[in-house]
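The residues making up each chain are set out below.
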Amino acid sequence: MTRILVINGPNLNLLGLREPQVYGHETLADIVNDLRSYAADRGVELSDFQSNSEGELVSAIHASRETVDGIILNAGAYTHYSIALRDAISGVALPVVETHLSNVHSREAFRHETVLAPVCLGVVAGFGRHSYFVALEALLRHLGHEAG
Ligand code: DQA
């Protein structure tokens, strides 16, 4: 069975409360639960992890090395400056899709840079909750996953 891990970084635990005009009204649990059933319908096992701490995110990436086939990663603000996360992604050599709810390129200049994208399979940004579903589809196609 194909196994995918969804990792969410700092402040994403506040989804639903946090700047709803930017990030929407749904909670992270709403999105992840829907993503899990969407994945299950395709014969995919989806696990998830959220932390506000950079070190815990690095450790989660390391731990996933032999337990999953790919990662959907919304690293929040760490996207823009965490070399530690970038090195963790390179280190495990798993396909990772960098994912954002908002279109980071239409926002403040400091959000235009991503230090993670060069070591990721690709980037999905700007589709709200749908970004996670697009990222999942992209990963499954990359992995040659057959639905069912
Ligand atoms: C975000 C975009 C980041 O710039 C921001 O720091 C976040 C959320 C997004 O999903 O749009 O925390 O990753």
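Residues numbered from 1 in each chain as written. Predicted model: local features only at pLDDT ≥ 70, side-chain atom pairs only at ≥ 80, totals over all residues. Heavy atoms only, no water.

Visitor: Quick question: what am I supposed to make of helix α5 (residues 130-143) here?
Guide: Residues separated by three or four positions in an α-helix point in the same direction, a consequence of the helix having 3.6 residues per turn. With 14 residues, α5 extends 20 Å between its outermost C-alpha atoms, agreeing within 8% with the 20 Å of an ideal straight helix rising 1.5 Å per residue. Elements in contact with the buried residues of α5: β1 (2-8), α2 (28-41), β2 (44-50), β3 (70-74), β4 (96-100) and β5 (122-125). Immediately downstream of α5, the backbone of Gly-144 shows phi near 70°, a positive value. (Helix = DSSP H or I, 4+ residues; strand = E, 2+ residues; numbered from the N terminus. Expected span 1.5 Å × (residues − 1). Contact = heavy atoms within 4.5 Å.)

Visitor: Teacher, can you tell me more about unusual backbone geometry here?
Guide: Across residues other than glycine, the phi torsion is negative in most instances, and most of the peptide bonds are trans. Despite not being glycine, Asn-11 has its phi angle at roughly 75°, a positive value. As for its position among the elements, Asn-11 is in the loop between β1 and α1 (20-23). Of note in the backbone geometry, Ala-93 takes a positive phi value of approximately 55° without being a glycine. Within the secondary structure, Ala-93 sits in the loop between α4 (83-92) and β4.

Visitor: Would you mind going over the packing of α2 against α5 with me for this structure?
Guide: When two helices pack together, their arrangement is captured by the angle between the axes and the distance separating the axes. The N-to-C vectors of α2 and α5 enclose an angle of 30°; their axes lie 10 Å apart at closest approach. Accordingly, the angle class assigned to the pair α2 and α5 is roughly parallel. Crossing of α2 over α5 shows right-handed handedness. Residue-level contacts link Leu-28, Ile-31, Asp-34, Leu-35, Tyr-38 and Ala-39 of α2 to Tyr-132, Phe-133, Leu-136 and Glu-137 of α5. Looking at the contact of α2 with α5 residue by residue, the classes come out as eight nonpolar, no polar and two charged. (Axes fitted to C-alpha atoms, helices over the stretch in contact; angles between N-to-C directions. Parallel < 35°, antiparallel > 145°, perpendicular 65-115°, else oblique. Left-handed = near helix turned anticlockwise from the far one by under 90°. Nonpolar A, V, L, I, M, F, W, Y, C, P; charged D, E, K, R; others polar.)

Visitor: Any chance you could explain the sheet that holds β4 here in plain terms?
Guide: Picture the strands of a sheet paired through backbone hydrogen bonds; they go either parallel or antiparallel. Sheet architecture is open: five strands sit in the order β2-β1-β3-β4-β5, paired in parallel fashion. Two strands lie at the open edges of the sheet, namely β2 and β5, each paired on one side alone. Each strand of the sheet is rotated relative to its neighbour by a mean of 20°, with strand direction disregarded. The sheet contact formed by β3 and β4 spans three bridges and is parallel. Bridging from a neighbouring strand, Leu-73 pairs with Glu-98 of β4. This element, α2, spans β1, β2 and β3 of the sheet and lies at about 160° to β2. (Pairing = 2+ DSSP bridges.)

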